[in-house]
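Spelled out from the first residue to the last, the chains are:
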2 protein chains.
Amino acid sequence: MRMSEGVEWALHSCLNLTWVEPGEARTAARLAAFYDLPAAYLNKQLQALARAGIVTSTPGPRGGFRLARPPERITVLDVVTAIEGPGDAFRCSGLLRNGPEGRDDVDYARSCHVSQTMRRAELAWRRELAGQTLADLRDDVERSHPGTPARTREWFARQRP
Amino acid sequence: MRMSEGVEWALHSCLNLTWVEPGEARTAARLAAFYDLPAAYLNKQLQALARAGIVTSTPGPRGGFRLARPPERITVLDVVTAIEGPGDAFRCSGLLRNGPEGRDDVDYARSCHVSQTMRRAELAWRRELAGQTLADLRDDVERSHPGTPARTREWFARQRP
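Trainee: I'd like a rundown of the overall build of chain A, residues and numbers included.
Mentor: The number of helices and strands found in chain A is eight helices and two strands. The secondary structure elements of chain A, listed N-terminal to C-terminal, are α-α-α-β-β-α-α-α-α-α. In summary, chain A has a C-alpha radius of gyration of 20 Å against a globular reference of 15 Å for 161 residues, an excess of more than 25%. For chain A, the spread of C-alpha atoms along the three principal axes comes to 70 × 30 × 25 Å. Burial analysis of chain A (161 residues in total) assigns 48% to the buried set. Within chain A, contacts between residues separated by at least 24 positions form 65% of all contacts whose residues are at least 6 apart in sequence. Between the mean site of the 23 positive side-chain charges and the mean site of the 20 negative ones, chain A shows a separation of 5 Å.

Quick look at the structure:
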């Protein structure tokens with residue numbers, strides 16, 4: 001079981017967007033160039049983030065992406081779900097229904113103990129990611145690397161034509 | 001992100017094996033027939049469980065699979081890991097290394113805050129699955145469906161030629 005690389009790219013790009021000055025935006029091409037990522041594929045992730053209401057995109061020469069709401073109100077789970085979808089990694093196929101005691105009127109995803117155990121683990125995973133916001137991540141980075149916000153802004157400023 | 005169906009099949013088959021009488025075993029074909037699963041594919045999962053030391057397989061006309069140790073000492077995480085492998089779903093590619101502040105001598109999987117956040121969630125998921133044994137699952141089933149062990153044994157007994 002492996003998550004798409006898009007999750008890592010999206011999280012780092014969102015974190016990058018926490019350092020955008022008010023009124024500014026970043027293009028997919030620039031965000032991709034920052035980490036030497038393929039722009040077309042990063043753009044796909046950014047579009048998914050836009051559909052999920054995490055970033056907004058504005059057209060025009062000074063357009064691009066910015067966060068749609070304060071980083072305090074975007075959780076890591078929001079970003080992961082925007083890229084990977086809302087489904088659980090473990091999906092009960094209702095296998096017990098095919099067994100000798102199987103019944104058509106039972107929702108095994110709810111009643112099966114195997115399914116419940118897997119579900120509890122998924123909830124623990126989600127709880128952890130929902131408890132961490134982009135602002136938390138940004139603050140962690142700024143504590144360990146105080147120069148990062150300014151150097152990131154400088155890097156993007158240098159890219160202007 | 002989606003786990004293979006083999007995890008569900010393996011967990012249910014292991015649970016099924018908790019009801020095998022001492023000295024008995026179940027063939028892959030019978031375990032598959034119990035839930036109407038494709039025997040060849042279930043056999044692949046059983047072989048993975050055998051490689052992980054969760055089940056043992058004995059040859060011969062009364063041979064087959066049985067649990068390699070008491071169900072109290074097999075966790076749900078053991079079974080999931082045997083099928084899905086030990087790797088995390090989120091794998092840090094060290095994307096920061098390609099950034100303007102990237103360094104070759106830093107292990108980003110350890111130091112990157114994005115990676116650490118994702119790792120904490122995986123640990124919460126693993127902790128939950130490691131806290132549940134096959135004996136716990138068996139006991140849950142026996143509490144909600146007290147007739148299941150006897151009926152399961154009868155079903156396998158009826159399959160004998």
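Moving on from the model shown.
Trainee: An account of the pairing of strand β2 (residues 64–67) of chain B is needed here, citing residue identities and associated values.
Mentor: Residue and element names in this part refer to chain B. Bridging between strand β1 (residues 55–58) and β2 involves four bridges; their strand directions are antiparallel. Note on β2: the bridge partner recorded for Thr58 is Gly64. Connecting β1 to the antiparallel partner β2 that follows it, the hairpin turn spans five residues, and Gly60 within it adopts a positive phi of roughly 100°.

Trainee: Before we move on, can you summarise the nonpolar core with the specific residues and values?
Mentor: Membership of the largest hydrophobic core comes to 95 residues, with the highest contact counts inside it found for A:Leu49 and B:Leu49. When neighbours within four sequence positions are excluded, B:Leu49 is seen to be in contact with B:Ala10, B:Cys14, B:Ile54, B:Val55, B:Val79, B:Ala82 and B:Ile83.

Trainee: I'd like a rundown of the confidence of the model for chain A, residues and numbers included.
Mentor: Averaged over all residues, the pLDDT of chain A is 92; the fraction at 70 or higher stands at 99%. Taken together, the chains of this predicted complex give a pTM of 0.92 and an interface ipTM of 0.93.

Trainee: Describe the pattern of salt bridges, listing the residues and the values that go with them.
Mentor: All names here are of chain A. Applying the stated criterion to the full structure yields 28 salt bridges over all chains. Across the salt bridge formed by Glu24 and Arg62, the nearest N and O atoms sit 3.8 Å from each other. Linking Glu24 in the loop between α1 (5–17) and α2 (28–34) with Arg62 in the loop between β1 (55–58) and β2 (64–67), this pair joins segments that are 38 residues apart in sequence. According to the relative accessible area criterion, Arg62 is exposed, its value standing at 60%. Taken together, the salt bridges that share partners define one network made up of Asp88, Arg119, Glu122 and Arg126.

Trainee: Tell me what's going on with the interface of chain B and chain A, and back it up with residues and numbers.
Mentor: Across the contact, 50 residues belong to chain B and 50 residues belong to chain A. Summed over both sides, the interface between chain B and chain A buries roughly 4700 Å², with carbon and sulfur atoms accounting for 66% of that surface. On the surface where chain B and chain A come into contact, there are four salt bridges. Put simply, B:Arg120 and A:Glu128 hold a salt bridge, and the shortest N to O gap is 3.8 Å. Our count for the contact surface shared by chain B and chain A stands at 14 residue pairs in polar contact (both at pLDDT 80 or more). Of all the secondary-structure elements, those providing two or more residues to the side of chain B that touches chain A are α1 (5–17), α4 (76–84), α6 (113–130), α7 (134–144) and α8 (148–158) of chain B. It is α6(B) that provides the largest number of residues to the side of chain B that touches chain A, a total of eleven residues.

Trainee: Would you mind going over the relation of the copies chain B and chain A in detail, with residue names and values included?
Mentor: The transformation that overlays chain B on chain A combines an axial shift of 0.0 Å with a rotation of 180°, and the residual RMSD is 0.0 Å. Both copies are brought into coincidence by an operation consistent with a two-fold rotation axis. In this assembly the copies share their binding face: 100% of the residues contributing to the interface of chain B also contribute to that of chain A.

Each value, and the rule that gives it
- Residues numbered from 1 in each chain as written.
- Chains lettered and ligands numbered in written order.
- Predicted model: local features only at pLDDT ≥ 70, side-chain atom pairs only at ≥ 80, totals over all residues.
- Heavy atoms only, no water.
- Helix = DSSP H or I, 4+ residues; strand = E, 2+ residues; numbered from the N terminus.
- Rg over C-alpha atoms; globule rule 2.2 N^0.38 Å.
- Buried < 20%, exposed > 50% of the residue type's maximum accessible area, 1.4 Å probe, protein only.
- Contact = heavy atoms within 4.5 Å.
- Lys, Arg positive; Asp, Glu negative; His and termini not counted.
- Charge placed at Lys NZ, Arg CZ, Asp CG, Glu CD.
- Pairing = 2+ DSSP bridges.
- Core = buried A, V, L, I, M, F, W, Y, C linked by side-chain atoms within 4.5 Å.
- pLDDT = per-residue confidence, 0-100.
- Salt bridge = Lys/Arg side-chain N within 4 Å of Asp/Glu carboxyl O.
- Buried area = accessible area lost by both parts, 1.4 Å probe.
- Polar contact = N/O pair within 3.5 Å; in protein donor to acceptor, adjacent residues only side chain to side chain.
- Least-squares fit on C-alpha atoms with pLDDT ≥ 70 in both.

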